[in-house]
Amino acid sequence: MKNPLQLNPKDMVNTYLLFFVMHSAQIGVGVQGFQRIVFQDAKHDAWISVLLAGIATHIVTFFMIKTLEIYGANDLYGIQQDIFGKLIGNVLNILYIFYCFMSFFSILRNYIEVIQAWIFPSISAWFLAITLLIIIIYAFTGGLRVIVGVSFFSVVLSLWIIPMLAFPLKFSSINSLLPVLETDFRSILKGAKSMTFTIIGFEILMVIYPFLNDKKHVQKYAHLSLLATTAIYVAVMAVSITYYSNEEIVKTVWATLTLFSFISFPFIERFEFMAVCFWMLIILPNLCLYLWAAYRGAIRLVNIGHTKFVWLFAFFIFLGTLFVQTRVQINAINNQFANIAFYAIFVYPIVLWIIAALKKKITTKKEQKNEQA
């Protein structure tokens, strides 16, 4: 029987595709309405908070790659087992699998709510959940290369949305961004932390790293991806601040989608309907990547096939959609998950690198002593 942990040459992907994987993992449901949350903390300097959050992703990714380089062809799950031992390492692996599960659920449930609020208010959440899960399962069973392909086309086919930001600029006032740095720095940092739920996704690098062909160029493509993501989020935030009044941006739940609501063409009267539907292509890589990352962790703990795992995973996700129904519940889950994600994604990787570097240093000294003896 084939070992599921063994890397299959057919699953290896070109390193330049990491740009599309990480970018598609970061752009999801969060971009639809992150402005209100960040603006509540940082006011009209919220774009600076977004910029700082983007810089933080570069710093954390740098340490992630340094940790991965120490272990070569190992992923996060294997690194944790090596550093902390099998028992504690497996506990941490279970926690990371649960993190992937919660990421998946949060993205799916938020998108279902958007569909219900904007297009089909009478359709049940369970029906939409089943429909989306079937699509995700189909993509997942195709393997990593199919998921990477979905990420590539998600980025390429959604490029047309970015120029649409030019329409609101006609009704915007640049003075809304002034004076710069009027908000105290503590509030700006608080706003940057509020970006956690929106900007996460780049941590998928810790799992997909062993499958990249040319690891020498990982730093380059990873940081280019983060740069592109940060530029988009800063641009969306800046346009929103200049377009909405202070009262409007605080009260608008899905500020990005609302920006599209007044755009119309002779052949499309309600452009925002098209944007909501097209967003499924944007969130699809998010969901597939988190599902795949959870599976990579599960096979280190139990002997389970990908078919059995994906149906079990989907079943528990479906159960979650039955219990989480109201906006209050969804907000509560988003807030709690964002708090957990901040420490799991922005703090833990740096701590992990410190421990891994120290262990490597100690191990190297022992080896040198043994050679001399």
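Predicted model, so just to flag it, every value in this text is computed and none were measured. (Residues numbered from 1 in each chain as written. Predicted model: local features only at pLDDT ≥ 70, side-chain atom pairs only at ≥ 80, totals over all residues. Heavy atoms only, no water.)

A. How the structure looks around unusual backbone geometry. In this structure, Pro179 follows Leu178 across a cis peptide bond, with omega equal to -5°. Counting through the fold element by element, Pro179 comes out in the loop between α7 (166–169) and α8 (185–193). Here the phi dihedral of Lys43 falls at roughly 55°; this positive angle occurs in a residue that is not glycine. The residue Lys43 is located in the loop between α2 (34–42) and α3 (46–71) in this model. A residue is classified by how much of its surface remains accessible, and Lys43, at 40% relative accessible area, is partly exposed. Of note in this structure, Leu181 is not a glycine but carries a positive phi near 65°. Relative to the helices and strands, Leu181 resides in the loop between α7 and α8. (Helix = DSSP H or I, 4+ residues; strand = E, 2+ residues; numbered from the N terminus. Buried < 20%, exposed > 50% of the residue type's maximum accessible area, 1.4 Å probe, protein only.)

B. The arrangement of the side chain of Asn334 in detail. Here Asn334 shows up in helix α16 (residues 327–372). On the basis of relative accessible area, Asn334 is assigned to the buried category, the value being 10%. Beyond its immediate chain neighbours, meaning those up to four positions away, Asn334 contacts Ser106, Asn110 and Phe197. (Contact = heavy atoms within 4.5 Å.)

C. α8, seen in detail. Those residues of α8 that sit buried are Ser187, Ile188, Gly191 and Ala192. Axial view of α8: buried residues confined to an arc of 150°, hence all on one face. Opposite the packed face of α8, turned more than 90 degrees from it, sit the exposed residues Arg186 and Lys190. Against the buried residues of α8 lie α2, α3 and α9 (196–199). (Arc of directions from axis to C-beta.)

D. Structural view of empty space enclosed by the protein. For the structure on display, the rule yields two cavities of 30 Å³ or more. In this structure, the largest cavity occupies an estimated 90 Å³ of space. Elements with a minimum of two residues in the lining of the largest cavity: α1 (18–26), α4 (76–118), α9 and α14 (271–301). Taken together, the residues of the lining of the largest cavity break down into seven nonpolar, six polar and no charged. Of the volumes computed, that of the second largest cavity is approximately 30 Å³. If you trace the second largest cavity, you find it lined by Leu132, Ile135, Ile136, Met280, Ile283, Leu284 and Leu287. When residues of the lining of the second largest cavity are traced back to their parent elements, those giving at least two are α5 (125–140) and α14. (1 Å grid on protein atoms, 1.4 Å probe; cavity = no way out; pocket = protein on both sides within 12 Å on 5 of 7 lines; lining within 4 Å. Points joined across faces, edges and corners; volume = space filled by probe spheres on them. Nonpolar A, V, L, I, M, F, W, Y, C, P; charged D, E, K, R; others polar.)

E. Layout of α2. In terms of residue burial, α2 counts as a mostly covered element, since seven of its nine residues are buried. Taken together, the buried positions of α2 are occupied by Phe34, Gln35, Arg36, Val38, Phe39, Asp41 and Ala42. Directly after α2, the chain includes Lys43, whose backbone phi takes a positive value near 55°.

F. View of the side chain of Gln81. Mapped onto the fold, Gln81 is located in helix α4. In this structure the side chain of Gln81 is engaged in a polar contact, spanning 2.6 Å, whose partner is the side chain of Asn90. (Polar contact = N/O pair within 3.5 Å; in protein donor to acceptor, adjacent residues only side chain to side chain.)

G. Local environment of the environment of Gly142. Inspection of the secondary structure assignment puts Gly142 in the loop between α5 and α6 (144–157). On the accessibility criterion, Gly142 (43% relative accessible area) is partly exposed. Remark: the alpha-carbon pair of Gly142 and Ile59, spanning 83 residues in sequence, is separated by 33 Å.

H. Spatial organisation of the packing of aromatic side chains. Inspection of every chain in the model, using the stated rule, returns 26 aromatic pairs. Relative to Phe346, the ring of Phe202 has its centre 5.7 Å away and its plane inclined at 65°; by these criteria the two rings are edge-to-face. Here Phe202 is found in the loop between α9 and α10 (205–208), whereas its partner Phe346 is found in helix α16, with 144 residues between them in sequence. Using a relative accessible area of 0% as the deciding quantity, one classes Phe202 as buried. Summarising the aromatic geometry, the rings of Phe211 and Trp292 are spaced 5.3 Å apart at their centres and angled 70° between planes, so their arrangement reads as edge-to-face. Taken together, the residues span a long stretch of sequence, with Phe211 in the loop between α10 and α11 (218–243) and Trp292 in helix α14 at a distance of 81 residues. A residue is classified by how much of its surface remains accessible, and Trp292, at 6% relative accessible area, is buried. Every member of this aromatic cluster is reached through a ring pair, and the members are Phe98, Phe101, Phe104, Phe140, Tyr295, Phe309 and Phe313. (Phe/Tyr/Trp six-rings, centres within 6.5 Å; stacked < 30°, edge-to-face > 60°.)

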